[in-house]
Amino acid sequence: MWGRQSYRWSDFDFEANAREGIGVDWPIRYADIAPWYDHVERHAGISGSLEGMAQLPDGQFQPPMPLNCGEELIAGRLKGHFDGRRRIIPGRTANLTQPLPGRTQCQFRNACWLGCPFGGYFSTQSSTLPAAMATGRLTLRPFAIVTEVLYDRNTKRATGVRVLDAVTEQTTDYTARIIFLCASTLNSTWLLLRSATDVWPGGLGSSSNALGRNLMDHHFRAGASGTIEGLTDKYYYGRRPTGFYIPRFRNLFGDKREYLRGFGYQGGASRQGWSRAVAELGVGGAFKDAAAQPGPWTIGGTAFGEMLPNPANRVTIDTTKKDKWGLPVLAIDCATGENERLMRKDMMNDMAEMLEAAGVKDVRTYDGGYWPGMGIHEMGTARMGRDPKTSVLNSHNQVWDAPNVFVTDGACMASTACPNPSLTYMALTARAAEFAVNELKRRNL
């Protein structure tokens, strides 16, 4: 299950490394990926509002899931503050508000974690797997653990993959003209680290010494919340599977902080329910009456901040520990730095400042603590770049050392930006897939 928050990146994100001299320059810009954002948004079904914000480009959206009345109230009040640069908008989510072929719109149950029988949210089961099956060219290989990419040093091409059956523990080699690694950041890099070690001791794609380095995540769990007065006669209907979003505003349009990059907020407003009464341990009619009535309105948001690439944050093969199949696991050495520490102060205080400006009462800040991996937005370790001496992949996600191997998941990212990354993964994958097909037709692969 994924969170389904789906946002485009902008050139503020793709140009940041080059502008600030951090890491390596992305080998693409927004114009290169924009048509592929269009493609995946139409296929997946992304609901959202058109806002005209340079730092958060609009897309091919279905109608948004509207803000509830509490959020609308605070959003309206916020418009008059901060020169209009801090805005509450509906969260852009991969939940349908209009049907697509084979799928119907979200039923507002907020039970996505159960697996949606309506196909209301974008998933492998509801969307991509049926599309692949419809081609008549899909073979599913369940219980398969890919343990190595096979490489021919003479042709300088990968020849296939080695697969371990998780049930029978038998090994099979499969040959292929092209190979896509999209196993999630850490698993794709684990595979590269284990492959072609007879040619490169550090693994396939390690000639630049960038493989395994610059592991990143989004740091979060810092923000603020408070109570909305009034609206006691208002409620909301259904269970909307998204909340609001406040796009990045720090270090943009002339704003300058003591740290680099920025953050966006995800949050929501709601009324407390019957469970608020449990702590009171009350009895009697008054207790039951209170439990039957909705409680006060509350609103809050948590920030998701960008984490800078750092070559010291890395993964390697741990030769001392093995899993149940006898395969070595990854050793992970990763920590946030001073830039993230400084950013977290604003992540708390800016949310409190906005809530107070909009008339929210009893505003409280929080920092619940964070360490890399908690955001589950792992990125980096096989980054794209312009130079094979400093990156693992080129501008089309091809491994410099084996051009018929493509890596299109989070491992390819040269930076994290602050919006959720899944939509960008999908756009990069679609873009690379078309490139690979065209190269096959030209007999270049």
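See above for the structure.
These numbers come from a predicted model, not from an experiment.

A. Local environment of the state of the cysteines. Taken as a whole and judged by the stated rule, the model has zero disulfides. The closest cysteine sulfur to the non-disulfide-bonded Cys106 is located on Cys112, 6.0 Å from its own sulfur. Summary of cysteine pairing: Cys418 is not part of a disulfide, and the nearest cysteine sulfur, belonging to Cys412, is at 18 Å.

B. Structural detail: the sheet that holds strand S9 (residues 297-305). Strand order across the open sheet formed by six strands is S1-S7-S8-S9-S6-S12, with antiparallel pairing between neighbours. Of all the strands in the sheet, the pair left with one neighbour each is strand S1 (89-90) and strand S12 (361-367). As defined by bridge partners, S1 adjoins strand S7 (residues 244-246) across two bridges and the pair is classed as antiparallel. Across the sheet, the residue bridging to Pro90 is Phe244, located in S7. Taken strand by strand, helix H8 (residues 338-357) contacts strand S6 (222-228), S7, strand S8 (263-271), S9 and S12, and its axis lies near 15° from that of S6.

C. Representation of unusual backbone geometry in the model. In this model, Asn209 sits at a positive phi of 65°, which is unusual for a non-glycine residue. Relative to the helices and strands, Asn209 resides in the loop between helix H6 (185-194) and S6. One non-glycine residue, Asn397, lies in positive phi territory at about 70°. Within the element layout of this structure, Asn397 appears in the loop between S12 and strand S13 (398-399).

D. Layout of the sheet that holds strand S2 (residues 144-152). Overall, antiparallel pairing links the three strands, which are arranged S2-S3-S4 in an open sheet. The sheet is open, and its two edges are formed by S2 and strand S4 (171-175), each paired on a single side. Each adjacent strand pair in this sheet contributes to an overall mean axis angle of 25°, direction not counted. Across five bridges, the pairing between strand S3 (residues 157-165) and S4 is antiparallel. Residue Val161 lies in a different strand from S4, and its bridge partner there is Tyr174.

E. Spatial organisation of the environment of Gly226. Mapped onto the elements of the fold, Gly226 is located in strand S6. We classify Gly226 as buried; its relative accessible area is 1%. As for Gly226 and Glu72, which are separated by 154 residues in sequence, their C-alpha atoms are 15 Å apart.

F. How the structure looks around the packing of aromatic side chains. Under the counting rule described, the total for this entry stands at 16 aromatic pairs. For the pair Trp9 and Trp26, a centre-to-centre distance of 5.9 Å together with 85° between the ring planes defines the contact as edge-to-face. Of this pair, Trp9 sits in the segment before helix H1 (11-14) while Trp26 sits in the loop between helix H2 (16-20) and helix H3 (30-44), placing them 17 residues apart in sequence. Like Trp26, Trp9 is buried. Their ring planes at 75° and their centres at 5.9 Å tell us that Phe249 and Phe263 sit as a pair that is edge-to-face. Residue Phe249 is located in the loop between S7 and S8, and its partner Phe263 is located in strand S8; the two are separated by 14 residues in the primary sequence. Residue Phe249 is classed as buried on the basis of its relative accessible area, which comes to 7%. Ring pairs connect the aromatic residues Trp9, Phe14 and Trp26, which therefore count as one cluster. Sitting over the face of the ring of Tyr121, Arg4 holds its NZ or CZ atom 5.7 Å from the ring centroid. Sitting over the face of the ring of Phe82, Arg86 holds its NZ or CZ atom 4.0 Å from the ring centroid.

Reading the values: rules and limits
- Residues numbered from 1 in each chain as written.
- Predicted model: local features only at pLDDT ≥ 70, side-chain atom pairs only at ≥ 80, totals over all residues.
- Heavy atoms only, no water.
- Disulfide = S-S within 2.5 Å.
- Pairing = 2+ DSSP bridges.
- Helix = DSSP H or I, 4+ residues; strand = E, 2+ residues; numbered from the N terminus.
- Contact = heavy atoms within 4.5 Å.
- Axes fitted to C-alpha atoms, helices over the stretch in contact; angles between N-to-C directions.
- Buried < 20%, exposed > 50% of the residue type's maximum accessible area, 1.4 Å probe, protein only.
- Phe/Tyr/Trp six-rings, centres within 6.5 Å; stacked < 30°, edge-to-face > 60°.
- Lys NZ or Arg CZ within 6 Å of the ring centre and 35° of its normal.

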